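Structural overview
What follows is each chain in one-letter form.
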Amino acid sequence: MTYVVTEHCLKCKYTDCAVVCPVEAFHEAPEMLYINPATCIDCNLCVAECPVEAIYAGEEVPKRYEKWTKINAEECEKYPTIAEKKPALPDALTLDQWKEIDAKSS
Ligand code: SF4
Ligand code: F3S
């Protein structure tokens, strides 16, 4: 199993998750972070850190975000790892804004 970064990270990238990861499993792409399934030890620490609830345990990824499991696995190795806090992207959304978007698209 592995943990997965999903849609809510896109264009937000708060990076709080990367700080708590004990094994540097996060990789930083321009618009979001990805978790490397080969590195993640399933410790669950990152889930509570994300202010927009973007991270799920592999078997708990909601159906609408299923594609992200494959995307994390494929994309992570293309980018360097990240273990420090950086400023969020300038137009980062709040959890309430994401919930509105989710409600409209479901
Ligand atoms: Fe890192 Fe643990 Fe999150 Fe995996 S579950 S990415 S090991 S903090
Ligand atoms: Fe993304 Fe949340 Fe981490 S927005 S960078 S998964 S804290």
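Residues numbered from 1 in each chain as written. Chains lettered and ligands numbered in written order. Predicted model: local features only at pLDDT ≥ 70, side-chain atom pairs only at ≥ 80, totals over all residues. Heavy atoms only, no water.

A few points about the site of ligand 1
Lining the immediate environment of ligand 1, one finds 13 residues, of which C21, C40, C43, N44 and C46 sit closest. For the shell around ligand 1, a count of residues per class yields eleven nonpolar, one polar and one charged. (Near = heavy atom within 4 Å. Nonpolar A, V, L, I, M, F, W, Y, C, P; charged D, E, K, R; others polar.)

A short note on unusual backbone geometry
Negative phi values dominate among residues other than glycine, just as trans dominates among peptide bonds. Even without being a glycine, K11 presents a positive backbone phi close to 65°. Inspection of the secondary structure assignment puts K11 in the loop between β1 (3-5) and α1 (16-20). Positioned with a positive phi, D42 is a non-glycine residue whose angle comes to about 60°. Within the secondary structure, D42 sits in the loop between β3 (33-35) and β4 (55-57). (Helix = DSSP H or I, 4+ residues; strand = E, 2+ residues; numbered from the N terminus.)

Considerations on the nonpolar core
Residues Y3, V5, F26, I35 and I55 are the most contacted members of the largest nonpolar core, which totals 29 residues. Listing elements by their share of this core, those giving two or more residues are β1, α1, β3 and β4. The contact partners of I35, leaving out residues within four places of it in the chain, are T2, Y3, V4, V5, A25, F26, C40, I55, N72 and C76. (Core = buried A, V, L, I, M, F, W, Y, C linked by side-chain atoms within 4.5 Å. Buried < 20%, exposed > 50% of the residue type's maximum accessible area, 1.4 Å probe, protein only. Contact = heavy atoms within 4.5 Å.)

So, the pattern of salt bridges
The final tally for this structure, using the stated rule, is seven salt bridges. Close ionic contact of R64 with D102 constitutes a salt bridge, the shortest N to O distance being 3.7 Å. A residue pair is termed long-range when its members are at least 10 positions apart, and R64 in the loop between β4 and α2 (67-75) and D102 in helix α3 (residues 95-105) qualify at 38 residues. In the salt-bridge network here, residues are joined through shared partners; they are K13, E28 and K86. (Salt bridge = Lys/Arg side-chain N within 4 Å of Asp/Glu carboxyl O.)

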